[in-house]
Amino acid sequence: MKTKTLKKDKVNIITLGCSKNMVDSEVLSGQLLANDIDVVHESAKRDHNIVVVNTCGFIDKAKEESINTILEQVDLKQRGKLDKVYVTGCLSERYRGDLESEIAGVDAWFGTMELPLILKKFDADYKAELIGERLLSTPSHYAYLKIAEGCNRTCSFCAIPLMRGQHVSKPIEELVLEAEKLVKSGVKEIMLIAQELTYYGLDLYKQRRLGDLMRALAGVKGLEWIRLHYAYPTKFPMEILDAMNEFPNICKYLDMPLQHASNAMLKAMKRQITREEIEELVHAIRAKVPGICLRTTLIAGFPGETEDDVEELKSFLERMRFDRVGVFTYSHEEGTSAYELEDNIPAEEKERRAQEIMEVQQEISLEKNQEKVGKIFKVIVDKKESGRFLARTEFDSVEVDNEVIIDTTKRLKPGDFVEVRITKAFDYDLEGELV
């Protein structure tokens, strides 16, 4: 008599939203693997029977994408293509009650801090000793290192504290161990991420310790580049710039979201800083680290924003000449203090303003790129596309910044560092030849 063999579970993790979510998915996959459960990230193949959707609940567009993804997976389950659909992450944390009553077919919902509970669904144990054991969803030569969870800031537009709680730093020793394991697996570039990097250490050590963490990580053998993302401008710890100057493997790159430059808007956004103080800070950073690349993000269409505010923001950009800028349109988020304000700017007008701001930056970006023509830069190769290699300088982070296009017959591999002379400049990208 034939006996039916039980098919082994295979889990596909779909991650939406930011790099912090990506790290959570990688940690979950590491735990599943350690419990001998097959797991893949974002697999297009249909060879898995369980899906975990790690959702984003940050702004309207992200919420919509998360809900559509859940519905797609539930539909696959109803058609017999999947056995189970689990949902975790920020959207689930924030709206679990509503989602449970509105979307049938999800087997279980989890918040942002419920990894052990997810594992229980797989009869798996949470292994606390697995520091840094992650199945990377990024290419093997770079990874994100989440140094803290949550945020203590009270920006009026931001729902992150509602979904991620208060700021909790990870100990320096644990992060160094995680970085060492990542380097052993082939990682050459690490991007430090948190909701708010500069707050690092205040909860654990009763003082800001980001500079100490940077120095400790700079000592990890084989780690070629360390990059800083999401530094808050208020009470900015200038001592981190000393560490940047001391170690060649700390990139001269700083991602500092400013959100606006009009004092009326900064006050309404509860940013605890004025435009004058921001300008002073930017000058001080550039004086301390000559040649530093400054990236910022801005919000267009916050409640009450006037044409004068937009003009002030544009002239601020022209004066400050940031290397990299991203612009988001304001999203009216319940639970935030800005939700009490009237969302009085139509969506098309928000988009128009964002476009106008980006046009100012586009010109600055082209001028800055043109200054690089003829110069030689060390770049990291990311991938090969349409017969050409795409690489980045230390002044460019993954996916959000410029790329250097290299046309060569030489065989290069992702993660290779090469010297490139820039031959052509475009608005947001560069072209170069191997030296």
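These numbers come from a predicted model, not from an experiment. (Residues numbered from 1 in each chain as written. Predicted model: local features only at pLDDT ≥ 70, side-chain atom pairs only at ≥ 80, totals over all residues. Heavy atoms only, no water.)

Colleague: What exactly am I supposed to notice about the sheet that holds strand β9 (residues 189-193) here?
Modeller: Two strands in a sheet stick together by hydrogen bonds in their backbones, pointing the same way (parallel) or opposite ways (antiparallel). If you walk across this open sheet you meet the 6 strands as β6-β9-β10-β11-β12-β13, and the pairing is parallel. This sheet does not close on itself; its edge strands, each paired only once, are β6 (142-146) and β13 (324-329). Neighbour to neighbour, the strand axes of the sheet diverge by 20° on average, direction disregarded. Across the sheet, helix α6 (residues 172-184) touches β6 and β9, and the angle it forms with β6 is around 165°. (Pairing = 2+ DSSP bridges. Helix = DSSP H or I, 4+ residues; strand = E, 2+ residues; numbered from the N terminus. Axes fitted to C-alpha atoms, helices over the stretch in contact; angles between N-to-C directions. Contact = heavy atoms within 4.5 Å.)

Colleague: Sorry if this is basic, but what is going on with the sheet that holds strand β18 (residues 430-434) here?
Modeller: Strand order in the closed barrel formed by 5 strands is β14-β15-β16-β18-β17, with mixed pairing between adjacent strands. Pairwise comparison of adjacent strand axes, ignoring direction, gives a mean angle of 50° for this sheet. Of the strand pairs in this sheet, strand β17 (residues 417-425) and β18 are connected by 5 bridges, and their pairing is antiparallel. Opposite Ala425, over in β18, you have Leu430 as the bridge partner.

Colleague: Where do I start with the packing of helix α11 (residues 275-288) against helix α12 (residues 307-320) in this structure?
Modeller: In contact at an axis separation of 12 Å, α11 and α12 are set at 15° when each is read in the N-to-C sense. By the angle between their axes, α11 is roughly parallel relative to α12. Relative to α12, the crossing made by α11 is right-handed. In contact with Arg275, Ile278, Glu279, Val282, His283 and Arg286 of α11, α12 contributes Glu312, Phe316, Arg319 and Met320. A breakdown of the residues in the contact of α11 with α12 according to their chemical character gives 4 nonpolar, 1 polar and 5 charged. (Parallel < 35°, antiparallel > 145°, perpendicular 65-115°, else oblique. Left-handed = near helix turned anticlockwise from the far one by under 90°. Nonpolar A, V, L, I, M, F, W, Y, C, P; charged D, E, K, R; others polar.)

Colleague: Would you mind going over the pairing of strand β2 (residues 38-41) with me for this structure?
Modeller: Every regular strand shows the same layout, with side chains that alternate between the two sheet faces. Of the two faces of β2, the one lined by Val39 and His41 is fully buried and the one lined by Asp38 and Val40 carries no buried residue. Remark: the strand β1 (residues 10-15)/helix α1 (residues 19-34)/β2 crossover connection has right-handed handedness. (Buried < 20%, exposed > 50% of the residue type's maximum accessible area, 1.4 Å probe, protein only. Right-handed = clockwise from strand over helix to strand, strands pointing away.)

Colleague: Hey, could you run me through unusual backbone geometry in this one?
Modeller: For residues that are not glycine, phi is negative in most cases, and the peptide bond is trans in most cases. The backbone of Lys270 sits at a positive phi, close to 55°, despite the residue not being glycine. Inspection of the secondary structure assignment puts Lys270 in the loop between α10 (263-268) and α11. On the basis of relative accessible area, Lys270 is assigned to the partly exposed category, the value being 40%. Its identity as a non-glycine residue notwithstanding, Arg321 has a phi of 50°, on the positive side. Its place among the elements puts Arg321 in the loop between α12 and β13.

Colleague: Could you clarify how one ought to interpret the nonpolar core in this entry?
Modeller: A general trend in soluble globular proteins is that nonpolar side chains are found buried together. Of all hydrophobic cores here, the largest spans 60 residues; its most connected members are Ile147 and Leu192. The greatest single-element share of this core, amounting to 6 residues, is contributed by α6. Here Ile147 is in contact with Ser169, Lys170, Leu175, Leu192, Ile193, Ala194, Leu197, Tyr200, Leu210 and Leu213, once residues within four sequence places are set aside. (Core = buried A, V, L, I, M, F, W, Y, C linked by side-chain atoms within 4.5 Å.)

Colleague: Whenever I open this one, the domain arrangement of the protein confuses me. Can you help?
Modeller: One frequently used descriptor of interface size is the decrease in accessible area upon assembly of the parts. When cut into domains, the protein gives domain 1 (10-129), domain 2 (139-371) and domain 3 (375-434). Placing a centre on the C-alpha atoms of domain 1 and another on those of domain 2 gives a separation of 28 Å. Tallying the contact residues gives 19 residues for domain 1 and 20 residues for domain 2. The junction of domain 1 with domain 2 conceals about 1700 Å² of combined surface from both sides, 56% of it contributed by carbon and sulfur atoms. Looking only at domain 1, the three residues that lose the most surface to domain 2 are Lys20, Phe58 and Arg94, adding up to 36% of its buried area. Counting across the interface, domain 1 meets domain 2 through 7 salt bridges. Note that Glu333 and Arg94 form a salt bridge whose closest N and O atoms lie 2.7 Å from each other. (Domains from an automatic or database assignment. Buried area = accessible area lost by both parts, 1.4 Å probe. Salt bridge = Lys/Arg side-chain N within 4 Å of Asp/Glu carboxyl O.)

Colleague: Got a minute to help me understand the pattern of salt bridges in this structure?
Modeller: Pairing between side chains of opposite charge can happen when their charged atoms approach one another. Across all of its chains, the model carries 47 salt bridges by this definition. Residue Arg392 pairs with Glu189 through a salt bridge whose shortest N-O separation is 2.6 Å. On the criterion of sequence distance, the pair formed by Arg392 in strand β15 (residues 388-392) and Glu189 in strand β9 is long-range, its members being 203 residues apart. For the pair formed by Arg392 and Glu189, the shared burial category is buried. Ionic pairing is found between Arg352 and Glu356, a salt bridge with its closest N-O pair at 2.3 Å. Separated by 4 residues within a single helix, Arg352 and Glu356 lie in helix α13 (residues 347-370), roughly one turn from each other. Taken together, the shared-partner salt bridges connect Glu305, Glu307, Glu311, Lys314, Glu349, Arg352, Arg353 and Glu356 into one network.

Colleague: Looking at this structure, I do not really get helix α8 (residues 210-218). What am I missing?
Modeller: For an α-helix the count is 3.6 residues per turn, leaving residues at separations of three or four pointing the same way. Residues of α8 that are buried include every one of Leu210, Gly211, Leu213, Met214, Leu217 and Ala218, and no others. The buried residues of α8 occupy an angular sector of 160° when the element is viewed end-on, so they sit on one face. Looking at the packing, one finds that the buried side of α8 touches β6, α6, β9, β10 (225-228), α9 (239-246) and β11 (250-255). (Arc of directions from axis to C-beta.)

Colleague: Where do I start with the packing of aromatic side chains in this structure?
Modeller: Here the distance between the centres and the angle between the planes together describe a pair of aromatic rings. Taken as a whole and assessed by the stated rule, the structure comprises 6 aromatic pairs. Both rings, one in Trp225 and one in Phe417, keep their centres 5.1 Å apart while their planes meet at 80°; by these two values the pair is edge-to-face. You can see Trp225 sitting in strand β10 and its partner Phe417 sitting in strand β17, a full 192 residues away along the chain. Aromatic side chains Phe316 and Phe322 sit 5.8 Å apart centroid to centroid with 45° between the ring planes, which places their arrangement in the tilted category. Side by side, Phe316 and Phe322 carry an identical accessibility label, which is buried. The ring of Tyr253 carries Arg227 above its face, with NZ or CZ at 4.6 Å from the centroid. (Phe/Tyr/Trp six-rings, centres within 6.5 Å; stacked < 30°, edge-to-face > 60°. Lys NZ or Arg CZ within 6 Å of the ring centre and 35° of its normal.)

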